[in-house]
Structure formats: C-alpha cells, structure tokens
Amino acid sequence: MSDRRTAPGQRRAREFEAFVTGAAGRLLHTATLLTAEIPGDSPRARRLLLAALAHTCAHWDRLRDEDPYDHARHELVGRFARGAWRGGRTGGGVLGRIAPKDRLVVVLTLYEGVPEEQTAALLGLPVERVGTVRRRAVAELCEPPEPVLRPARADGPGGSGRTP
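Residues numbered from 1 in each chain as written. Predicted model: local features only at pLDDT ≥ 70, side-chain atom pairs only at ≥ 80, totals over all residues. Heavy atoms only, no water.

Trainee: I'm lost on the overall build of the chain in this one. Help?
Mentor: The helix and strand tally for the chain stands at six helices and zero strands. Shown N-terminal to C-terminal, the secondary structure of the chain runs as helices and strands in the order α-α-α-α-α-α. Residues classed as buried in the chain amount to 35% of the 164 residues present. The long-range share in the chain, meaning contacts at least 24 apart out of those at least 6 apart in sequence, stands at 56%. Here the chain displays about 10700 Å² of accessible surface, and carbon together with sulfur accounts for 55% of that area. (Helix = DSSP H or I, 4+ residues; strand = E, 2+ residues; numbered from the N terminus. Buried < 20%, exposed > 50% of the residue type's maximum accessible area, 1.4 Å probe, protein only. Contact = heavy atoms within 4.5 Å. Areas by Shrake-Rupley, 256 points an atom, 1.4 Å probe, with all protein chains shown as cover.)

Dropping the structure here:
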C-alpha cells in the first residue's frame, strides 16, 4: 500500500541529496578557506558545513524561489561570522595570515563572487568598509610572509660548538 505523503518526502530527499552532491565540495572549500584550515584536515570547516547543510535541509520546503546554494552559503557564513569576531588568526591554510573577519570579505567577494553590496548587507557593514577590508586583506596576502628567525647554533656552519 502506497502512502501519498511518502512520495513528496522521497522526492524532497532526492532533491536535497542531488543538491548536496553538486554543492558540498565547493561549500566545503569555502568553509576551509574561512577557517584557514589545511584542505583535507579541516574539522572546523566540516562542522560548519554539516550545520549549514542541516539547516538548509530543515528549510528545504521553504526554499521555493530561493537558490539553495545561496541559502547554504549564507548559513555557513553566518555561523562562521558569529565566532569569527572572537577568534584570532590561525596558522594553516592559504588565508591563515589574515584575520577571520577579513577572510569573510575576501572569500565572499573574491572566491564566491558575491558583489560588495550583498557582502556588506550579509555582514552588516557599510559597502565602503567591505571594499577597504578587501583591499587591505589582499595587500597583506601579497606581502611576503615575515621570516621566522631561529637562534643561531654554535655548532652550525663555520662553528665548532666550542668556545675558544
């Protein structure tokens, strides 16, 4: 016996599964850039993505005219932003040299291609501020990293390790 309510539920599950199959890789990369973790070793990014996808799944039926990717990205960014202003810089990943709030702007505008006006609205910032943060962050990323100074070893090249 077939229940009429089961068919829409199965269709909904197939639609969401297809969405995840197509979008999860890019969303995970976005989350990895935001968290400044190393790709493949990104537990924070995976948690962010899982929470964003769970939220998107829960609201799937209400996304009639809305792009599910935009919805999931908005949720991902929102979850990251709530913790970003408390967090500091992290050492790994390509964007690890810039502050978390700067990463938000760089990832949204440059990687995701979200216009500055939409980025400003999403983050609650003036449009001018978004442009300033983006330019400053890109300039910081273009600068060579400061060298790590290590103490000289007495037994290094040209040294015997003994004092005369």
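There is more to say, and it comes next.
Trainee: Just checking my understanding: could you explain the pattern of salt bridges for this structure?
Mentor: When their charged atoms lie close together, side chains carrying opposite charge are able to pair. Throughout the structure, instances matching the rule amount to eight salt bridges. Asp-70 is the salt-bridge partner of Arg-73, the closest N and O atoms lying 2.7 Å from each other. Of this pair, Arg-73 and Asp-70 both sit in helix H3 (residues 68–84), three residues apart, which is roughly one turn of that helix. Residue classification places Arg-73 among the buried residues on the basis of a relative accessible area of 13%. Its salt-bridge partner being Arg-79, residue Glu-75 comes within 2.8 Å of it at the nearest N-O pair. With Glu-75 and Arg-79 both in helix H3 and four residues apart, this pair spans about one turn of that helix. Assessed through its relative accessible area of 12%, Glu-75 is described here as buried. Residue classification places Arg-79 among the partly exposed positions, given a relative accessible area of 31%. Three or more residues joined by partner-sharing salt bridges are found here, namely Arg-26, Asp-70, Arg-73 and Glu-112. (Salt bridge = Lys/Arg side-chain N within 4 Å of Asp/Glu carboxyl O.)

Trainee: Can you walk me through the environment of Ala-23 in this structure?
Mentor: Considering the arrangement of structural elements, one finds Ala-23 in helix H1 (residues 6–35). The spatial distance from the C-alpha of Ala-23 to the C-alpha of Tyr-69 is 6.9 Å, given a sequence separation of 46 residues.

Trainee: Would you take a moment to explain the nonpolar core for this structure?
Mentor: Side chains of a nonpolar character, in soluble globular proteins, are inclined to be buried together. In terms of nonpolar packing, the biggest core is built from 34 residues, with Phe-19, Leu-27 and Leu-104 touching the most fellow members. Of all elements in the fold, only H1, helix H2 (43–58), H3, helix H4 (100–111), helix H5 (116–123) and helix H6 (127–142) reach the threshold of two or more residues within this core. At eight residues, H1 tops the list of elements feeding residues into this core. (Core = buried A, V, L, I, M, F, W, Y, C linked by side-chain atoms within 4.5 Å.)

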